[in-house]
Structure formats: C-alpha cells, structure tokens
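Structural overview
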Amino acid sequence: MLPLIGLIIGIVIGLVLNIPIPATWSKYLGIALLAALDSAIGGLRASLEMKFNEKLFFTGIFSNTLLAALIVFMGDRLGIDLYLAAVVAFGVRLFQNLALVRRHYFQKRHWE
Amino acid sequence: MNHIQNFIKLLNSQGKRTQVAIAAVCMLIGILLATQFRVQQTASQALQDASESDLSQIVSNLNSEINNLRAETSDLRLQLFKIQRTSHDSAAVIKESSKNLNNLKIIAGLTKVAGPGVRVVVTDENKSLNSNDLVGIITELRVGGAEAVSINGIRVIANTGIMQRGSAIFVDGTPVSPPYELLAVGDPEVLHEALVITGGIRDNLSSLSGVSFYITKENNLRIDPVASAGKNAG
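Note that the structure is predicted; figures quoted are calculated from it, not measured. (Residues numbered from 1 in each chain as written. Chains lettered and ligands numbered in written order. Predicted model: local features only at pLDDT ≥ 70, side-chain atom pairs only at ≥ 80, totals over all residues. Heavy atoms only, no water.)

1. A short note on the overall build of chain A
The condition that has to hold: Per the convention used, a helix needs a DSSP run of H or I reaching at least four residues, while a strand needs a run of E reaching at least two, with both numbered from the N terminus. For the exposure calls, accessible area comes from a 1.4 Å probe over protein chains only, and a residue counts as buried if that area is under 20% of its type's maximum, exposed if over 50%, partly exposed in between. We call two residues contacting when some pair of their heavy atoms lies within 4.5 Å. Using a 1.4 Å probe, the Shrake-Rupley method yields the accessible areas, and only the shown protein chains count as cover for residues.
Along the backbone of chain A there are four helices and zero strands. Listing the helices and strands of chain A from first to last along the sequence gives α-α-α-α. Within the span of chain A, comprising 112 residues, buried residues form 32% of the whole. Contacts in chain A between residues at least 24 apart in sequence constitute 70% of all its contacts with a sequence separation of at least 6. Just so you have it, chain A exposes about 6900 Å², and 72% of that area is on carbon and sulfur atoms.

The following block contains the structure:
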C-alpha cells in the first residue's frame, strides 16, 4: 500500500508546487520519469523474488537517470534522436518487469 | 480477491524498508508526472495540437506581420531623418537670426557696445561749429566703420536728430556744448585715419578759429544704449 500512497503524495506535491521548467527540458524530465518508473517496477519485482537490495535499488535509480540524461544531451548535441534509445531500453525493461510481477501474482506457490 | 490479499501479504512480508524505498521512488515518479503534465499542458499544447494548415496559417500571419513591421521601421526611419534635417535647418535659421538680431540691436543702439575705438575731443572756443559739422564728424566715423558712436555721452543712431537752434546744438533733443567728446567703437586705426586724412574733416574744421582735434586710440571703450532703449527694448 505504501508505494501507492507515495505516488499519490508525489502527484499532489508536483501539482501544488507547480515547478516551472523550460519546455526544452521536458525531454529530460520524460526520460527521468521513465527511469524512475523502471526502477520502481524493477524494485517491485525484486521484492517479489525475495532478492530486494536497497543499495542496488537506489544506485540503480541514479545511474540509470544520469546515463539517460547524458544520452539525451549527447543526442541533442549530435542532432540525433538518441533519447529514443533510452526510451526503448527503459520501455522494454518496464514491460518485462511488469510481466514478471504479473506472473508472481498468479503463481500461488510463492505464498502457499 | 483472495489473490490480491495474498499478493499484498507477500509484498508486506518483505519488511518496511523495502516498502519505504519503493514508496519514495513512487513519490518521485508522482512529482515528475505532475510537473511534466503541467509543462506539456502550458508550453507546447497550442502548437502541437494545431493542424498543418493551421500551422502554415500561423507562419504566414507571422510573416506578414514581420513585413508590416519592416515597412513601419523604414517609414519611421524616414520620418526621423526628415525631422532631424528640419531641426538642423531651423537651428541654423535661429543661429543666423540671432546674429542678425544682435547686429540690428547694435545698429539701433539698443545694446551696450564695448571694444576698441577712438575718443575724439573737439574744442570750440568761439562757437564756430554748427550741427552740420558735428554730423560731418559722425559721418566720417561711420564711414570708418564705427559700430556705435556717442557724443557727450549720448548714443547716436540712425534716427538721432542733431539740430541747430540759434547758437545751441541739440543732440536727440538734449543741448550739447563744447568741448565735444565723441566716442566711436570700431577699428581704432581705420577710425583715426578717417578723421585725419589729408583734406579730410579735421583739416577742414581745424582751419576755423578755436577749433582743435584731440584724437586718442582706446583699447576698451564703452558706449551705453540710447536713453529710450529701456522702453523700446521691452
């Protein structure tokens, strides 16, 4: 339940603060969002598999986000839509992790 | 329903720390989501939602606006140029006019005149000079380029009357008596020469008995305006 509450609190904070961000940065924001979502689903999956590690979890968030931001930046400088690479990588992992979480949900042997 | 309860049970079995960690990241996701939502909504929605024909319409509108502004710029530039030219012209006119005005004021005797010139003292012990002789001396001074002339302290201008009534001479209605002291502002050398030239006014008048000329060149003479200047100038 806590993750859901955290998500709602985050949305409320974001709407209330209404942080002004230049439109050109919205690409970075989108990538950061995707990286965070990937980490959260990944963390959920790890916790279901009983191998959740806080250090791995948090370092994963930061390294993923920073690398993604770097790729977007490079893409902007080189004139290539390099951020698509990050989007695809995170997207694929997101769906894989989501599928695994779904599998855990239906495999009764884990909790019986 | 049983599934969900068991699933949550499984999640909870991982301990609070895991829950808090994932919740923290979920909160981050929430903040990012809300912010991104706001940015997309405010910044680029108008243009992104517009159709291609709308966009081309917008572009052509902006282009025509640019052209209008360019035309306005050149118009204003032309206007500025014209105004600058006329102001330049009128400044020159004002300068020229004030120069003329000063000259005219000097000629009309409205202003005090100071500068180098000559002082001419004419003695007349036997009253043998008449008004015409004085007019002659003043005329010679004027021919010599005198800017301003006075006789016994009375400024002599174009319409100053010098008249003879009996034995008395009146300058501008004021009686004057010898010795006559004339002041003239101008080039001292030229004024001196105008008076002392051979066969000139000094030679002519000095032949009369009791008449003698004392001419001195002065570096700094002051001639006051005509007595009525205060009234006229106002």
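Now that the structure has been shown, the text picks up again.
2. Comments concerning the sheet that holds strand S2 (residues 148-151) of chain B
Residues and elements named next belong to chain B. Selection rule: Any two strands with at least two DSSP-identified bridges between them are counted as paired. With axes taken as lines fitted to C-alpha atoms, and helix axes fitted only over the stretch in contact, angles between N-to-C directions fall between 0 and 180 degrees.
Here we have five strands laid out as an open sheet, ordered S3-S2-S7-S1-S8, and antiparallel in their pairing. The open sheet terminates on both sides in strands that have one partner only, identified here as strand S3 (154-156) and strand S8 (211-223). Taking each pair of neighbouring strands and ignoring which way they run, the sheet shows an average axis angle of 25°. Two elements, strand S1 (residues 113-124) and S8, share eleven bridges in a ladder whose sense is antiparallel. Its bridge partner lying in S8, Val120 is registered against Ile215. Against the sheet, helix H4 (residues 131-143) engages S1, S2, S3, strand S7 (180-185) and S8, with an angle of about 20° to S7.

3. Observations regarding the nonpolar core
Just so we agree on the cut-off: Side-chain atoms within 4.5 Å are what join buried Ala, Val, Leu, Ile, Met, Phe, Trp, Tyr and Cys residues into a set we call a nonpolar core.
Formed by 28 residues in total, the largest nonpolar core has its most connected members in Val122, Ile137, Leu141 and Leu182 of chain B. The element contributing the most residues to this core is H4 of chain B, with four residues. Counting residues in hydrophobic clusters, the runner-up holds 15 residues, among them Leu29 and Ala40 of chain A together with Ala21 and Val25 of chain B.

4. Brief notes about the sheet that holds strand S6 (residues 174-176) of chain B
Where strands meet in a sheet, backbone hydrogen bonds hold them as pairs that are either parallel or antiparallel. Residue and element names in this part refer to chain B. Ordered in space as S4-S5-S6, the three strands form an open sheet in which the pairing is antiparallel. Because the sheet does not close on itself, it has two edges, and the strands there are strand S4 (162-165) and S6. With strand direction ignored, the average angle separating the axes of adjacent strands in the sheet is 40°. Both strand S5 (residues 168-171) and S6 contribute to a ladder of three bridges, which runs antiparallel. Looking across to S6, one finds that Ile169 is bridged to Val176.

5. Overview of the UniProt feature "transmembrane region" (unreviewed entry) in chain B
Short version of the rule: UniProt positions are given in the numbering used here, feature names are shortened, and annotations may be inferred rather than shown by experiment.
Feature annotation in UniProt places "transmembrane region" (unreviewed entry) on residues 20-39 of chain B, given in this structure's numbering. Helix makes up 100% of residues 20-39 of chain B and strand 0%, with an end-to-end C-alpha separation of 28 Å.

6. What to know about the packing of helix H2 (residues 26-48) of chain A against helix H3 (residues 54-78) of chain A
All names here are of chain A. Going by this rule: For classification purposes, angles smaller than 35 degrees are called roughly parallel, those larger than 145 roughly antiparallel, those between 65 and 115 roughly perpendicular, and all remaining angles oblique. Crossing handedness is defined as follows: a turn of the near helix away from the far one that is anticlockwise and smaller than a right angle gives a left-handed crossing, while the clockwise case is right-handed. Just so you know the grouping, Ala, Val, Leu, Ile, Met, Phe, Trp, Tyr, Cys and Pro go in nonpolar, Asp, Glu, Lys and Arg go in charged, and all remaining residues, Gly too, go in polar.
The geometry of H2 relative to H3 is characterised by a closest axis approach of 9 Å and an angle of 150° between their N-to-C directions. Between H2 and H3, the interaxial angle falls into the category roughly antiparallel. Considering how the two elements wind past one another, H2 and H3 form a crossing that is right-handed. Across the interface between the two elements, Lys27, Tyr28, Ile31, Ala32, Ala35, Asp38, Ser39, Ala40 and Gly43 from H2 touch Phe57, Gly60, Ile61, Asn64, Thr65, Ala68, Ala69, Val72, Phe73 and Asp76 from H3. In terms of residue class, the contact of H2 with H3 is built from eleven nonpolar, five polar and three charged.

7. Overview of the UniProt feature "transmembrane region" (unreviewed entry) in chain A
All names here are of chain A. Within this structure's numbering, the places UniProt gives as "transmembrane region" (unreviewed entry) are residues 56-74 and 80-101. End-to-end, the C-alpha atoms of residues 56-74 are 26 Å apart, and along that stretch the chain is 100% helix and 0% strand. Along residues 80-101 the backbone is 86% helical and 0% strand, and the end-to-end C-alpha distance reaches 34 Å.

8. Regarding helix H3 (residues 52-108) of chain B
To keep things clear, this is the line we draw: Multiplying 1.5 Å by the residue count of a helix minus one yields the expected span of that helix.
Compared with the 84 Å implied by 1.5 Å per residue over 57 residues, the 82 Å span of H3 of chain B between its first and last C-alpha is a close match. Gly109 of chain B occupies a position one or two residues after H3 of chain B and carries a positive phi of about 75°.

9. Concerning the UniProt feature "coiled-coil region" (unreviewed entry) in chain B
Cross-referencing UniProt, the feature "coiled-coil region" (unreviewed entry) maps to residues 52-79 of chain B in the present numbering. As annotated, residues 52-79 of chain B has a helix share of 100% and a strand share of 0%, and its two end C-alpha atoms lie 40 Å apart.

10. Regarding the packing of aromatic side chains
Residue and element names in this part refer to chain A. Put simply, the rule reads: Working definition: a ring pair exists when centres of Phe, Tyr or Trp rings (six-membered ring for Trp) sit within 6.5 Å. Plane angles under 30 degrees give stacked, over 60 give edge-to-face, the rest tilted.
Applying the stated criterion to the full structure yields two aromatic pairs over all chains. Seen in terms of ring centroids, Phe57 and Phe58 are 5.3 Å apart; in terms of plane orientation they differ by 65°. Their pairing is edge-to-face. Among the residues examined, Phe58 registers a relative accessible area of 30% and is labelled partly exposed. Clustering of aromatic rings is evident, with ring pairs tying together Phe52, Phe57 and Phe58.

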